[in-house]
Amino acid sequence: MKKQIISRAFYGWLAYCRHLSTVRTHLSGLVNGKIINGEGASEGITVEKWTQLCVDGVVTDADEVYRFTYFGGVANELRTEIWPYLLGHYKFGSTADQRQNLAEETKQAYENTMSEWLAVEAIVRQRDKEDQAHAIAKLSSESMSGDQMPDGLQRDLSNEVFEDVLTEDEDSLSEQEKLHEEPHEKTKENTIRYQCEDLDADAPQPEDLEHGPATKEVLSRSRSRSRNSSLELDEASCHRPEANGDVEAQDFVHNVIVTNASMDISALESEDIPARNHMDVVTEENNSSLDACIETHGLASPLRSTCASPASSNGGIYSQELLKTFGLNLHRIEKDVQRCDRNYWYFASENLDKLRNVMCTYVWEHLDVGYMQGMCDLVAPLLVTFDDEALTYACFCHLMERMIENFPNGNAMDCHFANMRSLIQILDAEMYEQMHAHGDYTHFYFCYRWFLLDFKRELIYPDVFTTWEVIWAAQHVASAHFVLFLALALLETYRDIILSNGMDFTDIIKFFNEMAERHDAAATLQLARQLVLQLQLLIENK
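Residues numbered from 1 in each chain as written. Predicted model: local features only at pLDDT ≥ 70, side-chain atom pairs only at ≥ 80, totals over all residues. Heavy atoms only, no water.

Visitor: What's the story with the overall build of the chain in this structure? I'm lost.
Guide: Check the secondary structure of the chain and you find 24 helices and 7 strands. Taken across its 542 residues, the chain has 51% of its residues classed as buried. Look at the contacts in the chain between residues 6 or more apart in sequence, and 77% of them connect residues 24 or more apart. When the accessible surface of the chain is totalled, it reaches about 26800 Å², and 48% of it is carbon and sulfur. (Helix = DSSP H or I, 4+ residues; strand = E, 2+ residues; numbered from the N terminus. Buried < 20%, exposed > 50% of the residue type's maximum accessible area, 1.4 Å probe, protein only. Contact = heavy atoms within 4.5 Å. Areas by Shrake-Rupley, 256 points an atom, 1.4 Å probe, with all protein chains shown as cover.)

See the structure below:
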């Protein structure tokens, strides 16, 4: 009996050591090695606490900011000030004057970038209208009169262009007939010269769309700048004789659109245009302040394309590939923005245009990444909090440094799923066995939306704010993979329901879809912190 007792004790100890070895090998990287005490930080950063931390406009104790945020969150009225610190836009130790200068540079850089893509957007819209007019004219000539087009064809065509083009039959047809009847002077193969007044008529006007206060100025500025540069010629140049060899406002030459601007077009015609890829541009003498702002303050994500900005409101060369790429992303953004949080009060007015502007600016600066579904969901809470397009864009770029790997082009999602399997095997083996026995959904694909959007679709807006700031602070306090412990906390919250009902993969997807925006975020966050601490203690063998 004594030998059997000793033997069982030995094998129990051996199994425990092997268990700890597995934990240390596979899970030690999921949490920080140092355990930080949350004593006195449960209330988070209140106005009084922020007054103590921010002395004479300077915040030097970053560790305390992260600690109080992780254990208690941030008061709602302070989020506009504190979130830029948490996201890395503001540097700890910066003065109020430095932050004000950064804000002005950020705004100027944002407006300059907006003026660039607005010029290209006008070309994309014009091309869409011409393509649609051509398609309708072709259908009309082949099968029917222009005013008797079946509804089905209207729907098919509207999928390829902006929806506002086909809002009313009479208006759209008259516009299309006008475009169809415009004379196009063909000068050479693959070359079309446009009348300069056509572009002015179809360019987006500031009064046509409602924009936020931060962009009204740049819209008007872009329009006036475009008249003198990339979108049309001035009145004198419109009437120059062809004998002088001057060019019109836009030339589609060899599938490349050349816009007249600060560069000398006549000099360009006299020289051979070097081969360019779709991201190449005409170098300008005075660079946009965007690059300087990025280098100085880290405004944009390191994932930004390493080449120069692909176009400029002061003129440039736009390849067909660039126009096609940006146009495709523009259409995707238009559709997603209209669907993003339409029931939330903030997006019931012109603020949807702000969301669109921020998203288009990001895509223009990251054409190699492009727009992917879900990005609007990440911008929206930032815009609601800041109500400032430039600051939202800057903070979104920093946020995407981490989040971009969750999208299909990255590999973070596979790592999340693998870590979830290891984590739940160690911390809740019974639930893991249940998942494996009922259809084996230990791949954890039902967590995809959670990880992709940092639980944004699972929670109401006030809870999203609290959850996000805790996630941002957690990497400095407890874990850079705090989203895993949040996911495990959600599963543990409904553990009894999942186990008693023997849920399979379909059941659990349906269950969490129905529970969206009904979770107790405060309780879930507290449980996630406890799970982090549990793993830290297990690794320390205490």
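Resuming the write-up.
Visitor: I'm lost on the pattern of salt bridges in this one. Help?
Guide: Counted under the stated rule, the structure contains 16 salt bridges. Between Glu469 and Arg79 there is a salt bridge; the shortest N-O distance is 2.9 Å. Of this pair, Glu469 sits in helix α20 (residues 461-477) while Arg79 sits in helix α4 (residues 79-87), and the two are 390 residues apart along the sequence. Using a relative accessible area of 0% as the deciding quantity, one classes Glu469 as buried. A residue is classified by how much of its surface remains accessible, and Arg79, at 6% relative accessible area, is buried. Here Glu430 ties to Arg495 by a salt bridge, and the two come within 2.9 Å at their closest N and O atoms. With a gap of 65 residues between them, Glu430 in helix α18 (residues 429-437) and Arg495 in helix α22 (residues 495-500) connect regions that are remote in the sequence. Classification of Glu430 by relative accessible area gives exposed; the value is 51%. Each of Glu121, Arg125, Glu334 and Arg356 takes part in a single network of salt bridges with overlapping partners. (Salt bridge = Lys/Arg side-chain N within 4 Å of Asp/Glu carboxyl O.)

Visitor: Got a minute to help me understand the packing of aromatic side chains in this structure?
Guide: Both the distance between ring centres and the angle between the ring planes are used here to describe each pair of aromatic rings. The tally for this structure, following the rule as stated, stands at 33 aromatic pairs. Measuring from ring centre to ring centre gives 5.9 Å for Tyr494 and Phe512, while their planes differ by 80°; the resulting arrangement is edge-to-face. Residue Tyr494 is located in the loop between α21 (482-493) and α22, and its partner Phe512 is located in helix α23 (residues 505-514); the two are separated by 18 residues in the primary sequence. Across this residue pair, the class does not change: Tyr494 and Phe512 are buried. Among the aromatic side chains, those forming a connected cluster through ring pairs are Trp83, Tyr344, Trp345, Tyr346, Phe347, Phe386, Tyr461, Phe465, Trp468 and Trp472. When the ring centre of Tyr90 is taken as origin, the NZ or CZ atom of Arg99, which lies over that ring, is 6.0 Å away. When the ring centre of Tyr70 is taken as reference, the NZ or CZ atom of Arg529 above it lies at 5.7 Å. (Phe/Tyr/Trp six-rings, centres within 6.5 Å; stacked < 30°, edge-to-face > 60°. Lys NZ or Arg CZ within 6 Å of the ring centre and 35° of its normal.)

Visitor: I would appreciate a short explanation of the nonpolar core in the present structure.
Guide: Where a protein is soluble and globular, its nonpolar side chains tend to be buried together. In this structure, Trp50, Tyr70, Met375, Phe482, Phe485 and Leu491 are the most contacted members of the largest nonpolar core, which totals 133 residues. Not counting chain neighbours up to four residues away, the residues in contact with Phe482 comprise Tyr70, Val470, Ile471, Ala474, Leu525, Ala528, Arg529 and Val532. (Core = buried A, V, L, I, M, F, W, Y, C linked by side-chain atoms within 4.5 Å.)

Visitor: Can you help me understand the confidence of the model for the chain in this one?
Guide: Caution applies to low-pLDDT parts of the model: their predicted coordinates are not meant to be read in detail. In this model, the chain carries an average pLDDT of 76, and 68% of its residues clear a pLDDT of 70 or more. In the predicted structure, residues 221-256 sits below a pLDDT of 50 and forms 86 contacts with residues beyond four places in sequence or in another chain. Note on residues 258-314: pLDDT under 50 across the span, and 117 contacts to partners over four residues away in sequence or across chains. (pLDDT = per-residue confidence, 0-100.)

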